[in-house]
Structures are given as structure tokens and as C-alpha cells.
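Take a look at the letters that make up each chain.
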Amino acid sequence: MGTTVADIGEDVLLQRIAERIGPPDPGDVWAGDDAAVLRSLAGPLLWTTDAVVEHVDFELAYCSGYDIGWKAMAANVSDIAAMGGHPEHALATLFVPPSTELDLVDDLLNGLLDAATNWELSVVGGDLSGGRDLALSIALSGTPAHEPVLRSGGAAGEAICVTGSLGGAAGGLYLLRNGFADGSDALIRRQLRPQARAEEGVILGTLGVGSMIDISDGLLLDLARLCASGGVGCDVDPAAVPVDPELSALRVIPAAPDPTRLALAGGEDFELLFTIDPGLESRASELLAEVGTAMTRLGTVTAGPPMVGGRNIDEWEELGWDHLKGR
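Q: How should unusual backbone geometry be read in this particular structure?
A: Negative phi characterises most residues that are not glycine, and trans characterises most peptide bonds. Residues other than glycine seldom take positive phi values, yet E120 does so here, at roughly 55 degrees. Along the chain, E120 falls in the loop between α4 (102-118) and β4 (122-130). One non-glycine residue with positive phi stands out, namely E268, at about 70 degrees. A residue is classified by how much of its surface remains accessible, and E268, at 19% relative accessible area, is buried.

In C-alpha cells, the structure reads:
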């Protein structure tokens with residue numbers, strides 16, 4: 001048997017695909033960021049796509065159609081936010097098994113359209129196909145509020161910061177998978193109805209942050225990606241990571257995962273991880289506070305290796321989520 005995608009993992013496969021696509025046109029940014037940047041006569045355009053797939057991203061045993069539609073849109077809006085942009089137009093492709101009840105499809109559409117209304121964007125079309133499992137893929141366009149914020153812009157000496165708190169979505173997933181549906185409603189909502197930081201992304205992009213990425217696969221893994229993209233290192237203190245306070249609900253459950261571990265490695269929080277000139281740090285905190293969002297400094301960008309708690313980040317990376325390795 002030949003090498004499988006599980007053998008190499010998501011990041012290596014994406015790099016392999018990017019190499020086949022080739023280099024971008026002058027002024028464009030293609031693979032390697034949260035969204036592509038395409039130059040047009042009207043200015044830079046942002047394009048992203050993301051999908052949610054049954055048995056990979058959700059289970060109908062605990063996820064409603066509304067949850068599926070909302071979450072798929074939130075994941076894409078988060079990518080545009082990580083580029084410092086406004087989401088604008090979406091195309092949706094739905095894959096449905098023939099046995100799917102129409103009520104489920106209607107509920108999914110309700111979630112999708114309500115999410116579009118929430119983030120002030122339009123669903124302008126898409127495609128419909130049969131499939132063995134239920135899946136929803138969205139392609140979303142947007143425009144940067146200022147210049148697009150790339151993952152590669154971090155510089156030594158910049159502060160490494162994150163919006164909000166971490167680990168809540170992973171905590172909600174643990175409750176749902178283990179039958180604790182009566183657990184913390186706040187944690188379950190963070191998993192099923194995530195809130196992309198669209199307004200915050202525009203604020204940070206306009207302010208001029210150095211680099212940015214959304215936390216979809218866990219802080220450690222996405223921090224590693226941010227450092228690798230910019231060719232920089234980091235010095236991050238795990239004790240500084242803002243653990244979602246609702247994770248205290250897990251402490252009464254025997255064998256529940258440690259909240260700090262969930263905050264470090266849990267995905268789908270869709271918070272924004274960014275680097276910023278220390279001279280702008282206070283201003284960023286003030287502007288985010290005006291829209292009700294906290295900001296926490298985790299550490300500093302360095303010219304050395306990426307370090308978290310005195311350990312190379314490579315020693316931590318396996319804790320993050322990899323779609324192809326199923327962990």
C-alpha cells in the first residue's frame with residue numbers, strides 16, 4: 001500500500017497541492033493564508049472556502065441542521081476576519097444523501113441565512129449534489145478594510161496576542177460526544193454556534209497588526225503556522241493563555257480533559273491570533289474593548305526558534321487538530 005494522506009497530514013498535503021498550483025500572479029496571495037488575495041481594478045479581493053462534513057466536523061446525533069448552516073458560515077467569515085476584511089458574498093454547495101429529510105435541509109438553510117444576516121453578507125447562489133454523507137461547503141468573498149493582513153507579516157519584537165478566551169468549543173464538543181447535553185450551555189453554544197470575530201478583524205486590520213490567523217485547529221498548531229509562515233519564532237507563556245471560564249464546569253466530571261489543555265490545543269474557537277507592535281498594544285486593547293472583546297498578550301515574536309513554556313513548539317504540535325489524521 002502506498003503512502004496515504006493520513007501518513008503525511010493536513011499541512012504537508014496542502015503544501016504539496018500549493019506546489020502543483022504554482023506561484024501566484026504578481027500582487028496576489030494564493031495558498032498559505034486564511035484567504036486568497038486577488039488584485040482587481042477595484043482593489044484587493046479576498047476569497048476563501050471551507051466545508052463541514054458529517055462524521056468529520058459534526059454528528060447529527062447532537063447537531064441540528066441550523067447548527068450546521070450557522071457553523072459553516074462562521075468558519076468562512078472567520079477566515080475573512082483573519083485577513084482584516086469584511087465578508088460580502090457567499091456561494092454554498094450542499095451534498096445530501098437521498099434519504100435526508102426535507103425538514104433538516106430547511107433547518108440548515110435557516111441557520112445559513114441567519115448567519116449571513118448576522119454578518120451582513122449575501123448568499124448569492126451555489127450548487128446541490130447527492131452524497132453518501134451530509135456536507136456543506138461555502139466559498140466566501142470579502143474586501144480588506146485596509147491592506148490584507150497576512151500570516152507572514154510578523155516581526156521580531158512584536159507582541160503575540162489573542163482575542164477572547166480559548167478552549168470553550170473543545171469543551172462543548174467533549175460534553176456533546178460524551179452525552180452531557182445538560183452540561184454548560186455556554187460551552188455547547190461555543191461549539192455549535194461559534195461567533196466569528198468579524199468586527200474585531202476589521203479593527204485590527206485597520207490598526208495595522210503585523211500578522212494574523214484565526215484559531216480553528218487549536219492555539220498551538222495555528223501559532224506554529226503563524227511562525228512558520230513569517231519565518232519567525234516566539235516566546236509564549238502557557239500560563240498567559242486565557243482559558244474559557246466556562247470550562248470550570250468540566251471539573252465535576254470524572255476523567256474530563258484539563259481546561260488548560262483544551263485552551264492550548266482545542267480547535268474551533270475562531271478567535272484571532274495576531275502579532276502587533278508593542279506601541280499599538282494598548283490602543284488595540286481599547287478598540288477591542290469598545291466592541292466587548294477582551295485581548296490577551298501571550299508572548300513575543302522572536303528571531304529564534306518557536307518556544308512555548310520553554311519547549312520547542314514541535315513538541316506541542318501533535319496536540320492540535322489535523323483533519324486527515326483524525327486528531
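Q: Is there a simple way to explain helix α8 (residues 219-230) in this structure?
A: A turn of α-helix holds 3.6 residues, and therefore any two residues three or four places apart point the same way. For α8, built from twelve residues, the straight-helix expectation of 16 Å at 1.5 Å per residue is met to within 8% by its first-to-last C-alpha distance of 17 Å. Of all twelve residues that make up α8, nine are buried, and the element is covered over most of its length. Among the residues of α8, those classed as buried are L219, L220, L221, D222, L223, A224, R225, L226 and C227. Positive backbone phi, approximately 65 degrees, marks G231, located one or two places after α8.

Q: I would appreciate a short explanation of the environment of L221 in the present structure.
A: Secondary-structure assignment places L221 in helix α8. What makes L221 buried here is its relative accessible area of 7%. For L221 and S129, which are 92 residues apart along the polypeptide, the C-alpha to C-alpha distance reads 33 Å.

Q: When you look at the packing of aromatic side chains in this model, what are you seeing that I'm missing?
A: Each pair of aromatic rings is reported with the distance of its centres and the angle of its planes. What the rule picks out here adds up to two aromatic pairs. Relative to F180, the ring of Y174 lies with its centre 6.3 Å away and its plane at 25 degrees, an arrangement referred to as stacked. For Y174, a relative accessible area of 16% corresponds to the buried category. Its relative accessible area of 33% is what places F180 among the partly exposed residues.

Q: It is not clear to me how the pairing of strand β7 (residues 211-214) should be interpreted in this structure. Could you clarify?
A: Consecutive side chains of a regular strand alternate in pointing toward one face of the sheet and then the other. Side chains S211 and I213 of β7 all project onto a buried face; the interleaved residues M212 and D214 project onto the opposite face, where all are buried too. Where β7 meets strand β9 (residues 272-276), four bridges bridge the pair, whose relative direction is antiparallel. From the neighbouring strand, M212 faces β9, where its bridge partner is F274.

Q: Is there a simple way to explain the sheet that holds β7 in this structure?
A: Sheets are built from strands paired through backbone hydrogen bonds, the pairs being either parallel or antiparallel. Sheet architecture is open: seven strands sit in the order β7-β9-β6-β10-β8-β11-β12, paired in mixed fashion. Both outer strands of the open sheet, β7 and β12 (311-312), are each paired with one neighbouring strand and no more. Two strands pair when backbone bridges link them, and strand β6 (residues 159-163) and β9 are joined in this way by four bridges, in the antiparallel orientation. In the strand pairing of β9, I160 is matched with T275. Of the strands in this sheet, β7 and β9 are in contact with helix α3 (residues 65-82), which crosses β7 at around 175 degrees. Each of β6, β9 and β10 (295-302) is contacted by helix α10 (residues 278-290), which is oriented at about 155 degrees to β10, the strand it contacts most.

Q: Before we go on, may I ask you to explain the pattern of salt bridges in this structure?
A: Close approach of charged atoms allows side chains with opposite charge to pair. If you walk through the whole model with that rule in mind, you get 13 salt bridges. A salt bridge links D222 to R225; the nearest nitrogen and oxygen atoms lie 2.9 Å apart. Highlighted residues: D222 and R225, both in helix α8, separated by three residues, approximately one helical turn. For the pair D222 and R225, a shared accessibility class is recorded, and that class is buried. Between E315 and R311 there is a salt bridge, with its nearest N and O atoms 3.3 Å apart. Connected through shared salt-bridge partners, R190, R197, E200, D244, D269 and E271 make up one network.

Cut-offs used in this document
Residues numbered from 1 in each chain as written. Predicted model: local features only at pLDDT ≥ 70, side-chain atom pairs only at ≥ 80, totals over all residues. Heavy atoms only, no water. Helix = DSSP H or I, 4+ residues; strand = E, 2+ residues; numbered from the N terminus. Buried < 20%, exposed > 50% of the residue type's maximum accessible area, 1.4 Å probe, protein only. Expected span 1.5 Å × (residues − 1). Phe/Tyr/Trp six-rings, centres within 6.5 Å; stacked < 30°, edge-to-face > 60°. Pairing = 2+ DSSP bridges. Contact = heavy atoms within 4.5 Å. Axes fitted to C-alpha atoms, helices over the stretch in contact; angles between N-to-C directions. Salt bridge = Lys/Arg side-chain N within 4 Å of Asp/Glu carboxyl O.

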